[in-house]
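# Structural description and commentary
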Amino acid sequence: MRVGVRGLEWDRQWMLIDPKGKFLSQRTHPQLARIVPEITADALMLHAPDMPALRVPLDSPGEEVPVRVWKDACIGVDQGGPAHEW
């Protein structure tokens, strides 16, 4: 694991949100623990039982969207249709 100025490389760079932009947590959605992330040279790969793998490019230029993490308002980057469907 590489450590950068902001901590572990790629740590807390992505999150899942509901349709209202509120983040989803393993505390309330324990099935998220079944998702296995993998960082490749150019993508985040997500693997989960009974689902095809999802490839999210590391340099994704998606649209900025408002998101909420607990009580904090933030800006996220939409990862597009395949991520929504997955």
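Structure first, text after, so check above.
Calculation notes
Residues numbered from 1 in each chain as written. Predicted model: local features only at pLDDT ≥ 70, side-chain atom pairs only at ≥ 80, totals over all residues. Heavy atoms only, no water. Helix = DSSP H or I, 4+ residues; strand = E, 2+ residues; numbered from the N terminus. Rg over C-alpha atoms; globule rule 2.2 N^0.38 Å. Contact = heavy atoms within 4.5 Å. Salt bridge = Lys/Arg side-chain N within 4 Å of Asp/Glu carboxyl O. Buried < 20%, exposed > 50% of the residue type's maximum accessible area, 1.4 Å probe, protein only. Pairing = 2+ DSSP bridges. Axes fitted to C-alpha atoms, helices over the stretch in contact; angles between N-to-C directions. Phe/Tyr/Trp six-rings, centres within 6.5 Å; stacked < 30°, edge-to-face > 60°.

The next thing to look at is the overall build of the protein. If you tally the helices and strands in the protein, you get one helix and seven strands. Shown N-terminal to C-terminal, the secondary structure of the protein runs as helices and strands in the order β-β-β-β-β-β-β-α. For 86 residues, the compact-globule formula gives about 12 Å, and the C-alpha radius of gyration of the protein, at 13 Å, lands near that figure. Judged by the C-alpha coordinates and their principal axes, the protein covers about 35 × 30 × 25 Å. Long-range pairs, those at least 24 residues apart, make up 26% of the contacts in the protein with a sequence separation of at least 6.

Mapping Leu46 onto the fold places it in strand β4 (residues 43-47). Sequence separation between Leu46 and Leu16 is 30 residues; the distance between their C-alpha atoms is 12 Å. Setting aside residues no more than four positions away along its own chain, Leu46 makes contact with Ile35, Val36, Pro37, Pro52, Ala53, Leu54 and Trp86.

In this section: the pattern of salt bridges. Following the criterion strictly, the structure yields one salt bridge and no others. Between Arg55 and Asp42 there is a salt bridge, with the nearest N and O atoms lying 2.8 Å from each other. In this pair, Arg55 is assigned in strand β5 (residues 54-57) and Asp42 in the loop between β3 (36-39) and β4, connecting sequence segments 13 residues apart. By relative accessible area, Arg55 is classed as partly exposed at 44%. For Asp42, a relative accessible area of 43% gives the class partly exposed.

Okay, the sheet that holds β3 next. Pairing within the open sheet is antiparallel, and its three strands lie in the order β3-β4-β5. Each edge of the sheet is formed by a strand with only one pairing partner; in this case those strands are β3 and β5. On average, each strand axis in the sheet is inclined to that of its neighbour by 20°, with strand direction left out of account. Inspection of the sheet shows β3 paired to β4 by four bridges, in the antiparallel sense. From the neighbouring strand, Val36 faces β4, where its bridge partner is His47.

Right, let's get into the packing of aromatic side chains. Per the stated rule, a full pass over the model turns up one aromatic pair. Centroid distance Phe23 to Trp70: 4.9 Å. Interplanar angle 80°. Geometry classified as edge-to-face. Of this pair, Phe23 sits in the loop between β2 (7-8) and β3 while Trp70 is found in the loop between β6 (64-69) and β7 (72-77), placing the two residues 47 residues apart along the sequence. Classification of Phe23 by relative accessible area gives buried; the value is 15%.

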